[in-house]
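# Residue-level structural notes
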Amino acid sequence: GEDVEQSLFLSVREGDSSVINCTYTDSSSTYLYWYKQEPGAGLQLLTYIFSNMDMKQDQRLTVLLNKKDKHLSLRIADTQTGDSAIYFCAESMTGNQFYFGTGTSLTVIP
Amino acid sequence: DVKVTQSSRYLVKRTGEKVFLECVQDMDHENMFWYRQDPGLGLRLIYFSYDVKMKEKGDIPEGYSVSREKKERFSLILESASTNQTSMYLCASSSIAGTGLPSTRTDTQYFGPGTRLTVL
């Protein structure tokens, strides 16, 4: 499968911004996704970006895509304790095959 | 509202037992997937299915088989469970690629809540 890499852990203080990074190898990826997994639960789609976009903003979430460097990031503004979870980035070209990163465990310190 | 359900949230089995994990989706999706999730390894694809009675191996199919007799149901079978199959198992479904935004296009994967399997 394709390589999708993320750092494993991130800690931030409540109210600060969190930035979760992801790199991928498949330049033909059409869609790039961010999923959130809360403890004991399945994955929930958080947001997505088309490969022909550079940025997408959705309330507290900002997704940045640097297609040249194959780098995707998720910024969470005003991080809250409820944002503590594992965040997965994923890529897909066809919608039939998805490649997931290892997940980044975000801990928000009150 | 989209829904993917899995038969059990927690399961404890003994080495050598045959284990069935069931997944049902109510979105009329063509594609269904089984992943296992392990700390530090992320999600790894075990098997997927494009259609009824069709199956394709993912990245780690060894020790597993699947069954897709009906469109809405995709079963993962551990023929003889081993301790290294202790893991969280996640089922997902999606539709074939089409047009429209991912939030409405169903090529986005929708996940079930997961089954945490412990093999003793």
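Refer to the structure printed above.
Residues numbered from 1 in each chain as written. Chains lettered and ligands numbered in written order. Predicted model: local features only at pLDDT ≥ 70, side-chain atom pairs only at ≥ 80, totals over all residues. Heavy atoms only, no water.

## Observations concerning the sheet that holds strand β6 (residues 55-58) of chain A
All names here are of chain A. Condition: Pairing between strands is defined by DSSP: at least two bridges between them are needed. Helix and strand assignments follow DSSP, with helices taken as H or I runs no shorter than four residues and strands as E runs no shorter than two, numbered in order from the N terminus. For helices, the fitted line uses only the C-alpha atoms of the stretch in contact; every axis is such a line through C-alpha atoms, and the angle between N-to-C directions lies from 0 to 180 degrees.
What the 5 strands build is an open sheet, ordered β1-β3-β8-β7-β6; its pairing is antiparallel. Each edge of the open sheet is held by one strand with a lone partner, namely β1 (4-6) and β6. Between one strand and the next, the sheet's axes are offset by a mean angle of 15°, whatever the strand orientation. The pairing of β6 with strand β7 (residues 61-66) spans 4 bridges and is classified as antiparallel. Across the sheet, the residue bridging to Q57 is T62, located in β7.

## Section: the state of the cysteines
All names here are of chain A. For the record, the criterion: Disulfide: a pair of cysteine sulfur atoms within 2.5 Å of each other. Burial classes follow relative accessibility: with a 1.4 Å probe on protein chains only, a residue under 20% of its type's maximum area counts as buried, one over 50% as exposed, and anything between as partly exposed.
Going through the model one piece at a time under the given rule, you end up with 2 disulfides over all chains. Paired by a disulfide, C22 and C89 hold their sulfur atoms 1.8 Å apart. Measuring handedness by torsion sign, the sulfur bridge of C22 and C89 sits at about 65° and is right-handed. Taken together, the residues C22 in strand β3 (residues 18-24) and C89 in strand β9 (residues 85-92) connect sequence positions 67 residues apart. C22 gets classed as buried once you look at its relative accessible area, which sits at 2%.

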